Amino acid sequence: MKLPEHARFSTICIHAGQAPDPATGAIITPIYQTSTYVQEALGVHKGYEYARTQNPTRAALEANVAAIEHGRAAFAFASGMAAEGAVMTLLQSGDHVVVTDNTYGGTYRLFEQVLRKYGLDFTYVDTSSLDEIERAIRPSTKMLFLETPTNPVLRLTDLAGACQVAHRHGVFVAVDNTFASPYVQRPIGFGADLVVHSTTKFLNGHSDSVGGIVVAVRDDHIEWLRFVQNAEGAILGPMDAWLVLRGTKTLPIRMERHNANAMVLAEYLASHPKVAQVHYPGLPSHPQHELARRQMCGFGGLISFRVGSLERARAVLNGVELMALAESLGGVETLISHPATMTHASVPADRRQRLGITDDLIRISVGIEHVDDLRDDLAQALDRV
Ligand SMILES: *Cc1c(COP(=O)(O)O)cnc(C)c1O
């Protein structure tokens, strides 16, 4: 098995980083469930000494996702938040970061309640405006931290434009690409320096593992991330690395179906008399639809929509039968949630309002079931409103 030099995306997903197992020829990288490695003689070993530092299953996943995201190296962590935590150790006390205002709630909590204690400073702006990004940059700004599309109202940031603004000011760019997945967009191609994922979501795709990964391109970033992954030790275990590797093999076909199903449901909801507003980048009514067409391949598996009041939202959320009422996203099964009281409950109410996370907003992570069953389920739930 040799990966062709110009292999296409789905071929990369299946093969990158995974040679047949040298011990047996097993086509699938084994789960190297070990804590240490026997050395032949003092100072003579196979490059593996201790499993926090090196593990072949984790290394296979890291090489796989680095190739998928068009990066030069990747580092896998115990969760998406651990991956973000590692990225933030690239900074020093006194450094300033410009952040997408509607970033993932856990990111906001990490920045505000943990990292401020270490002298980092954060400014949250609507990064869909390149002017706002530029205005927020100060002499101490070191990093631009972007998320696009945002959760749950699916605002987009122009990745190429934002990277140009940041780089002009000597600021490096990290993108949380969890929501889109690398099938839908690959930020490094638009100039990003770092990509972060919660592998818990689309990369693993089967709702059975928690993990995170950072993809890097710059030598100084790679060197530091390799060091800090070992020094802090928040590594992804071999079993989870194996599960995510299994997941990335089917990422393209899963994403095609997520994209297609979400488009059908978004159109259905947009035409439904009981729905006040639908947020989905694939709809021509989305304010950044043109940008979505340029920047994304398909429009992703997340939809949110407003039904007019908390009571009506409750009727839909309690009325669905096939869709599961649950947090998280990116799995094969469809999940429905209420951002204001679930994923975004820790965001202060006035901030929620400003971000458009109203009490009548419902989010769906559209799975890959038959779309007619999903539409029927929404139809009967909306009938209860
Ligand atoms: C889930 C998520 C995270 C955090 O990942 P965990 O694996 O839950 O730690 C970060 N960013 C986004 C966009 C997410 O959806």
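To be clear, the structure that these remarks concern was listed above.
Described in the following lines is the structure provided in the data block. (Residues numbered from 1 in each chain as written. Predicted model: local features only at pLDDT ≥ 70, side-chain atom pairs only at ≥ 80, totals over all residues. Heavy atoms only, no water.)

## Focus: the sheet that holds strand S9 (residues 302–306)
Selection rule: Note: two strands are recorded as paired if DSSP finds a minimum of 2 bridges between them. Working definition: helices are DSSP H or I runs of at least four residues, strands are E runs of at least two. Numbering for both runs from the N terminus.
Strand order across the open sheet formed by 5 strands is S8-S9-S12-S11-S10, with mixed pairing between neighbours. Two strands bound the open sheet, and with one partner strand each, they are strand S8 (277–279) and strand S10 (324–325). As paired elements, S9 and strand S12 (residues 361–365) share 5 bridges and run antiparallel to each other. When the bridges of S12 are listed, Phe-305 appears paired with Ile-362.

## Here's the deal with the sheet that holds strand S4 (residues 141–147)
Stated formally: To get an axis, fit a line to the C-alpha atoms, keeping to the stretch in contact for a helix; angles then go from 0 to 180 degrees between the N-to-C directions.
Pairing is mixed in the open sheet, where 7 strands are placed in the order S1-S7-S6-S5-S4-S2-S3. Single-partner strands in this sheet number two, and they are strand S1 (73–77) and strand S3 (121–125). For this sheet, the mean inter-axis angle between neighbouring strands, taken without regard to orientation, is 20 degrees. Two strands pair when backbone bridges link them, and strand S6 (residues 194–198) and strand S7 (residues 212–216) are joined in this way by 5 bridges, in the antiparallel orientation.

## A short note on the layout of surface pockets
Note the following rule: Any residue with an atom within 4 Å of a point lines the site, the site being either a cavity, points on a 1 Å grid over the protein atoms alone where a 1.4 Å probe fits but cannot get out, or a pocket, an open set with protein on both sides within 12 Å along at least 5 of 7 lines. Grid points are joined across faces, edges and corners, and a volume is the space filled by probe spheres set on the points. Three residue categories are used. Nonpolar comprises Ala, Val, Leu, Ile, Met, Phe, Trp, Tyr, Cys and Pro, charged comprises Asp, Glu, Lys and Arg, and polar comprises the others, including Gly.
Here the largest pocket is characterised by a volume of approximately 440 Å³. Met-81, Tyr-104, Gly-106, Ser-198 and Lys-201 are the residues nearest the centre of the largest pocket, which is lined by 26 residues in total. The set of elements that each furnish at least two residues to the lining of the largest pocket consists of helix H3 (80–88), helix H4 (105–114) and S6. Residues belonging to the lining of the largest pocket are distributed by class as follows: 7 nonpolar, 12 polar and 7 charged. Taken as a whole, the second largest pocket holds about 370 Å³ of empty space.

## Brief notes about the site of the ligand
Put simply, the test is: To be near a molecule or strand, a residue needs just one of its heavy atoms within 4 Å of it. Definition of a polar contact: a pair of N or O atoms within 3.5 Å, with one able to donate and the other able to accept a hydrogen when the atoms are protein atoms, and with sequence-neighbouring residues admitted only if both atoms are side-chain atoms. Each accessible area is a Shrake-Rupley estimate made with a 1.4 Å probe; only the visible protein chains count as cover when residues are assessed. Think of it this way: if more than half of a molecule's atoms are within 2 Å of a pocket's grid points, that molecule is in the pocket or cavity.
For the ligand, the set of nearby residues contains 13 residues, the closest of which are Gly-80, Asp-176, Ser-198, Thr-200 and Lys-201. In this structure, an oxygen atom belonging to the ligand sits 2.9 Å away from a main-chain N or O atom of Met-81. Contacts to the ligand include Lys-201, whose side-chain N or O atom sits 2.7 Å from an oxygen atom. Protein burial of the ligand: of its 380 Å² of free accessible surface, 92% is covered by the chains. Spatially, the ligand is embedded in the largest pocket.

## Let's talk about the nonpolar core
Put simply, the rule is: We define a nonpolar core as any set of buried Ala, Val, Leu, Ile, Met, Phe, Trp, Tyr and Cys residues linked to one another through side-chain atoms lying within 4.5 Å. Only protein chains enter the calculation, and the probe is 1.4 Å; a residue is then buried if its accessible area is under 20% of its type maximum, exposed if over 50%, and partly exposed in between. An automatic or database domain assignment provides the domain bounds reported here.
Membership of the largest hydrophobic core comes to 63 residues, with the highest contact counts inside it found for Leu-61, Leu-269, Val-278, Tyr-280, Ile-303 and Phe-305. With 8 residues, the top contributor of residues to this core is helix H9 (residues 251–270). The residues that make up this core include at least three from each of domain 1 (9–249) and domain 2 (252–382). If you look at the next biggest cluster of nonpolar residues, it comprises 29 residues, including Met-88, Leu-115, Met-143 and Ala-216.

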